[in-house]
Amino acid sequence: MKAICTELPDKVYEEVKLLVEKGWFKNEDDIVLEALRRFLDIHKVELMEKFIREDVQWGLHGKE
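(A) Layout of the pattern of salt bridges. Inspection of every chain in the model, using the stated rule, returns 3 salt bridges. Its salt-bridge partner being Glu14, residue Lys17 comes within 3.8 Å of it at the nearest N-O pair. Taken together, the residues Lys17 and Glu14, both in helix H1 (residues 10-21) and 3 residues apart, mark about one turn of the helix. Notably, a salt bridge pairs Lys50 with Glu54, separated by 2.6 Å at the nearest N-O pair.

Shown next as structure tokens:
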């Protein structure tokens, strides 16, 4: 497992703390992990299509 260190705006951090205090998440790490999972799930198809289009363009025209 890898660790990522990041900074959050104060308002976002307060919301994170509140969700942990209310019992929605076990800890702050769980919220960040869930947010990243959801982001990747939502954008996975879009990102893959972008990479495929770039590969096709490179295959057709090469890099200049």
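Still more to cover.
(B) Geometry of the layout of surface pockets. For the largest pocket, the calculated volume is near 520 Å³. In this structure, the largest pocket is lined by 14 residues; those nearest its centre are Ile4, Glu28, Asp29, Val32 and Leu33. Among the secondary structure elements, those contributing two or more residues to the lining of the largest pocket are H1 and helix H2 (28-61). With 6 residues, the single largest contributor to the lining of the largest pocket is H2.

(C) Spatial organisation of H2. Helix length check: H2 (34 residues) gives 46 Å between terminal C-alpha atoms against 50 Å at 1.5 Å per residue, within 8%. For H2, the principal kink sits at His43 and spans about 50°. Put simply, Asn27 is the residue that caps the front of H2, since its side-chain oxygen is 3.1 Å from the backbone nitrogen of Asp29. One or two steps after H2, the chain reaches Gly62, where phi turns positive at roughly 70°.

About the criteria used
Residues numbered from 1 in each chain as written. Predicted model: local features only at pLDDT ≥ 70, side-chain atom pairs only at ≥ 80, totals over all residues. Heavy atoms only, no water. Salt bridge = Lys/Arg side-chain N within 4 Å of Asp/Glu carboxyl O. Helix = DSSP H or I, 4+ residues; strand = E, 2+ residues; numbered from the N terminus. 1 Å grid on protein atoms, 1.4 Å probe; cavity = no way out; pocket = protein on both sides within 12 Å on 5 of 7 lines; lining within 4 Å. Points joined across faces, edges and corners; volume = space filled by probe spheres on them. Expected span 1.5 Å × (residues − 1). Bend = angle between axes of the 7 residues up to and from the residue. Polar contact = N/O pair within 3.5 Å; in protein donor to acceptor, adjacent residues only side chain to side chain.

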